[in-house]
Amino acid sequence: MVITISNRGEAPEYVYEIRLESETQPAIYVVVRRAEGTVEVRPRDQQAFFLPLDGSKAFDWQGRFRVMVKLANGVVIRSPWAEPPHPPEHGLPFVIPDLDAVPDDQVITIRPADLSPE
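Here goes a summary of the coordinates provided.

**Observations concerning unusual backbone geometry**
Then step 1. Cis geometry marks the peptide bond from glutamine 25 to proline 26; its omega dihedral reads -5°.
Then step 2. If you trace the backbone, proline 26 turns up in the loop between strand 2 (13-22) and strand 3 (29-33).
Then step 3. Even without a glycine there, the phi angle at arginine 44 is positive, about 55°.
Then step 4. Along the chain, arginine 44 turns up in the loop between strand 4 (39-41) and strand 5 (45-50).
Then step 5. Judged by its relative accessible area of 59%, arginine 44 is exposed.

So this is what it looks like as structure tokens:
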């Protein structure tokens, strides 16, 4: 998942922390960017933050959620509630030590046509 922060202002902003918040009660939070130092986002620029979807933290990935951004000056910005456009794919690694030991219909094949541009 990619979270893009845009600065539409005239001064640099400094991102301190980014979290996803589930709409479920009690809310569940997933940290996208830990509260360690800051990342500068210059005026009229944007910065992308990546979160691997590993299926952890009991987060309802098919339910509504919002993005919470905390800036270095203490301001917290919350996005509107949103739903993912499609169910996420939790890319868990799967290692096959010996391909000959696995039936052909169980070997996952990825073709260039299966990939979508980011």
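Here the narrative resumes.
**Let's talk about the nonpolar core**
Then step 1. Counting 17 residues, the largest nonpolar core has Ile5, Val15, Ile18 and Leu20 as the members making the most contacts within it.
Then step 2. Contributions of two or more residues to this core are made by strand 1 (2-7), strand 2, strand 3 and strand 6 (65-71).
Then step 3. If one sorts the elements of this core by residue count, strand 6 sits on top with four residues.
Then step 4. When sequence neighbours within four positions are dropped, the list of residues in contact with valine 15 reads Ile5, Arg33, Gly37, Thr38, Val39, Val41, Phe49, Val69, Lys70 and Leu71.

**Some remarks on the layout of surface pockets**
Then step 1. Here the second largest pocket defines a volume of roughly 230 Å³.
Then step 2. Around the second largest pocket sit 15 residues that line it, and Ile5, Ser6, Val69, Leu71 and Ile77 are the ones nearest its centre.
Then step 3. Going through the elements one at a time, strand 1, strand 2, strand 6 and strand 7 (76-78) are the ones with two or more residues in the lining of the second largest pocket.
Then step 4. Tallying contributions element by element places strand 1 first for the lining of the second largest pocket, with four residues.
Then step 5. The class makeup of the residues in the lining of the second largest pocket is seven nonpolar, five polar and three charged.

Calculation notes
- For every chain, the first residue of the written sequence is number 1, and numbering continues from 1 along that sequence.
- For a predicted model such as this one, the threshold for reporting local features is a pLDDT of at least 70, and the threshold for listing and counting side-chain atom pairs is 80 or more; totals across whole chains, interfaces and linings nevertheless cover every residue.
- As a rule here, side-chain values cover all heavy atoms of the structure and leave hydrogens and water aside.
- In this description a helix means any DSSP run of H or I spanning at least four residues, a strand means any run of E spanning at least two, and both kinds are numbered starting from the N terminus.
- With a 1.4 Å probe rolled over the protein chains alone, any residue whose accessible area is under 20% of its type maximum counts as buried; one over 50% counts as exposed, and the rest are partly exposed.
- For our purposes a nonpolar core is just a set of buried Ala, Val, Leu, Ile, Met, Phe, Trp, Tyr and Cys residues, chained together by side-chain atoms within 4.5 Å.
- Note on definitions: a residue-residue contact is assigned when non-hydrogen atoms from the two residues lie within 4.5 Å.
- Space inside and on the surface of the protein is sampled on a 1 Å grid over the protein atoms alone, with a cavity defined as a set of points where a 1.4 Å probe fits but cannot get out and a pocket as an open set with protein on both sides within 12 Å along at least 5 of 7 lines; lining residues have an atom within 4 Å of a point.
- Grid points are joined across faces, edges and corners, and a volume is the space filled by probe spheres set on the points.
- Charged residues are taken to be Asp, Glu, Lys and Arg, nonpolar residues to be Ala, Val, Leu, Ile, Met, Phe, Trp, Tyr, Cys and Pro, and polar residues to be all remaining types, Gly included.

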